[in-house]
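Observations on the three-dimensional arrangement
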Amino acid sequence: MKQIKIYFLLIIALAALTACALDDDIPGPILTDPAPAETAVLPTRPGSQNSAPDAAAEDDTIPPREGMERSRLTNEWVDAETAAARPIAVMIPNESGALPHYNLSRASVLYEANVEDRITRMMAVYEDWKDLDKIGNIRSLRAYYAYWAFEWDAFIVHLGGPFFVNELLAEPNTENIDGILGSDSGAFFRSSDRSAPHNAYATGSGLSRVISQKGYSTDYRGLSDEEHFQFTGKLTPNLLTQYGEDAKSAVYIDMSGCYPLTRCYFEYNEEDGLYYRSQRLSGSTDGPHIDAATGEQLSFKNILVQYTKSENLGEGYLAFQCHDTTRSGWYFTNGRGIPVRWEKNSDYGATRYYDANGEEITLNTGKTMICIVEEGDNFSFR
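Because the structure is predicted, anything quoted here is derived from the model rather than measured. All residue numbers refer to positions counted from 1 along the written sequence of the respective chain. With the structure being a predicted model, the display of local features is reserved for residues of pLDDT at least 70 and the display and counting of side-chain atom pairs for 80 or more, all residues being used for whole-chain, interface and lining totals. No hydrogens and no water enter the side-chain calculation; it runs on all heavy atoms of the structure.

**Quick look at the overall build of the protein chain**
Helices and strands together make up the secondary structure of the protein chain, namely five helices and 26 strands. Accessibility here uses a 1.4 Å probe with only protein chains present; expressed as a share of the type maximum, an area under 20% marks a residue as buried, one over 50% as exposed, and anything in between as partly exposed. The proportion of buried residues among the 382 residues of the protein chain is 55%. When the accessible surface of the protein chain is summed, it comes to about 15,600 Å², and 50% of that surface belongs to carbon and sulfur atoms. Going along the chain from the N terminus, every DSSP run of H or I of four or more residues is numbered as a helix, and every run of E of two or more is numbered as a strand. Method for areas: the Shrake-Rupley scheme with a 1.4 Å probe, in which residue coverage is limited to the protein chains shown.

Put into structure tokens, the structure is as follows:
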């Protein structure tokens, strides 16, 4: 089902409604489990005892131990059971009142896009999630995030959503865990240290129980592409040198022109070859985006910036055209960046990114951040 159908139905529904809340994240009959105890953890950065440098000399062509396979999401070696199981895609709010996040650094792929009033919301795709005791916090779904979740055949984890996501959620292939529904309540809890709506979290064990109760298969269903990204290993990294002068130096990427409230930016660290994320924390204060569960600053090997046609649907709601073949973007890795073009041709088909020669780009092994930006907005790098 294409988004244009959703847009048409939305316009009709908006005309009929006299009032509509901007968010369906209301306390429901869920969320009764007590929150785990919180422990303060100091940030870790390259050079600290706990950091894991990206050693180019490491032979990653051989699995570290028997029974490991390549991850679809990162190309890292993971246990075969983890590689074979479907991921979860969790809706994460990102305004300053939603901070800090818990276990966000454990996500393999992270999407960010604007929602109402230029606030951004994230969708975190987790491959290894069953042992996590506090994921979130969690908020409501928007339709465009669902189409990106479909690409991974992921279980969508959210708390409700505006009325116009209901038809998409009712599709027979859509499998989701909704904290507003009493039947799904066992996966969620609300913490007592924060006020609603920014105090709802999920647990990996709870999600596993609800997935089993709903009869969902944890095995990939053959709906999504078996190979989503093209990867290269750590012994043969993609340094973008093959693009000559078309590859620009990019050691600082500033997304504040696209996300004026979040005001996020990325700084490249040569020691481990990763981009470290910072953003607005409160008021006018910016700083490292820290995972409260691990103490780690969010970091990524690959950053994709995806210009996308957007539409204002009224009542503050945005929509992004996820299916397209004509839009542009950028790919950043190892301190350099190249312009790309992206395509997505079907609901469950992967978004693919191509260089100026029409060749699909090769990502480096590791985590990926995907910044969805509205055409007409500008970001900068240097």
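**Thoughts on the side chain of E175**
Mapping E175 onto the fold places it in the loop between helix 4 (166-169) and strand 8 (176-178). Note on E175: relative accessible area 13%, which makes it buried. Two residues form a contact once any of their heavy atoms are found within 4.5 Å. Those residues in contact with E175, other than ones at most four positions away along the chain, are R86, A154, F155, I156, Y216, S217 and R221.

**Considerations on the packing of aromatic side chains**
Any pair of aromatic rings gets described here by the distance separating the centres and the angle formed by the planes. Here a pair means two rings of Phe, Tyr or Trp (six-membered ring of Trp) with centres within 6.5 Å. Their orientation is stacked below 30 degrees between planes, edge-to-face above 60, and tilted elsewhere. Evaluation of the coordinates by the stated rule reveals 23 aromatic pairs. Seen from their ring centres, Y144 and F320 are 4.8 Å apart, and the 70° between their planes marks the pair as edge-to-face. You can see Y144 sitting in helix 3 (residues 143-150) and its partner F320 sitting in strand 20 (residues 317-320), a full 176 residues away along the chain. The pair formed by Y144 and F320 is uniform in burial state, with each residue classed as buried. Ring geometry for F150 against Y348: centres 4.7 Å apart, planes inclined by 15°, an arrangement best described as stacked. Of this pair, F150 sits in helix 3 while Y348 sits in the loop between strand 22 (336-344) and strand 23 (352-354), and the two are 198 residues apart along the sequence. Classification of F150 by relative accessible area gives buried; the value is 4%. One aromatic cluster is present, formed by Y111, Y144, Y145, W148 and F320 through successive ring pairs. In this arrangement the basic side chain of R72 is found over the ring face of Y220, its NZ or CZ atom lying 3.6 Å from the centre. Over a ring means this: the NZ of a Lys or the CZ of an Arg is within 6 Å of the ring centre and within 35 degrees of the ring normal. Of note, R382 hangs over the ring of Y252, and the distance from its end group to the ring centre comes to 4.1 Å.

**Examining the side chain of R121**
Mapped onto the secondary structure, R121 falls in strand 5 (residues 120-126). For R121, a relative accessible area of 2% corresponds to the buried category.

**Examining the pairing of strand 3 (residues 88-93)**
For strand 3, the tally of buried residues reaches six of six residues, placing the bulk of the element in the interior. Alternating positions in strand 3 separate into two faces, I88, V90 and I92 on one and A89, M91 and P93 on the other, with burial throughout. Pairing of strand 3 with strand 5 involves six bridges; the strand directions are antiparallel. Counterpart to V90 in the pairing with strand 5 is A124. The rule for pairing is simple: two strands pair if DSSP sees at least two bridges between them. In this structure, strand 3 lies alongside strand 7 (residues 155-158), joined through three bridges in parallel fashion. Looking across to strand 7, one finds that A89 is bridged to I156.

**Thoughts on helix 5 (residues 204-213)**
Along helix 5, the residues that are buried comprise G204, G206, L207, V210 and I211. Relative to the axis of helix 5, the buried residues are bounded by an arc of 160° and lie together on one face. Along helix 5, exposed side chains directed more than 90 degrees from the buried face belong to S212 and Q213. At its buried positions, helix 5 is contacted by strand 3, strand 6 (135-136), strand 7, strand 8 and strand 10 (200-202). Following helix 5 by one or two positions, G215 adopts a phi angle in the positive range, close to 75°. Here, the arc refers to the directions that run from the helix axis to the C-beta atoms.

**Some details on the sheet that holds strand 9 (residues 188-190)**
On the basis of which strands lie adjacent, the open sheet formed by three strands has the order 6-10-9 and antiparallel pairing. Strands at the two margins of the open sheet, each flanked by one partner only, are strand 6 and strand 9.

**Remarks on the environment of I156**
For I156, the location among the structural elements is in strand 7. Separated by 31 residues in sequence, I156 and V125 place their C-alpha atoms 9.2 Å apart. Beyond its immediate sequence surroundings of up to four residues, I156 is in contact with A89, L141, A146, A149, F150, T174, E175, N176 and I177.

**Let's talk about unusual backbone geometry**
Excluding glycine, residues mostly carry a negative phi; peptide bonds, for their part, are mostly trans. With an omega of 0°, the peptide bond running from L99 to P100 counts as cis. The omega angle of the peptide bond from A196 to P197 is 10°, so this bond is cis rather than trans. Counting through the fold element by element, P197 comes out in the loop between strand 9 and strand 10. Although it is not a glycine, N103 sits at a positive phi angle of roughly 65°. Locating N103 in the fold gives a position in the loop between strand 3 and strand 4 (109-114). Under the relative-accessibility criterion, N103 is labelled buried at 6%. Phi at N334 takes a positive value of approximately 50°, unusual for a residue other than glycine. Examined against the element boundaries, N334 turns out to sit in the loop between strand 21 (324-333) and strand 22.

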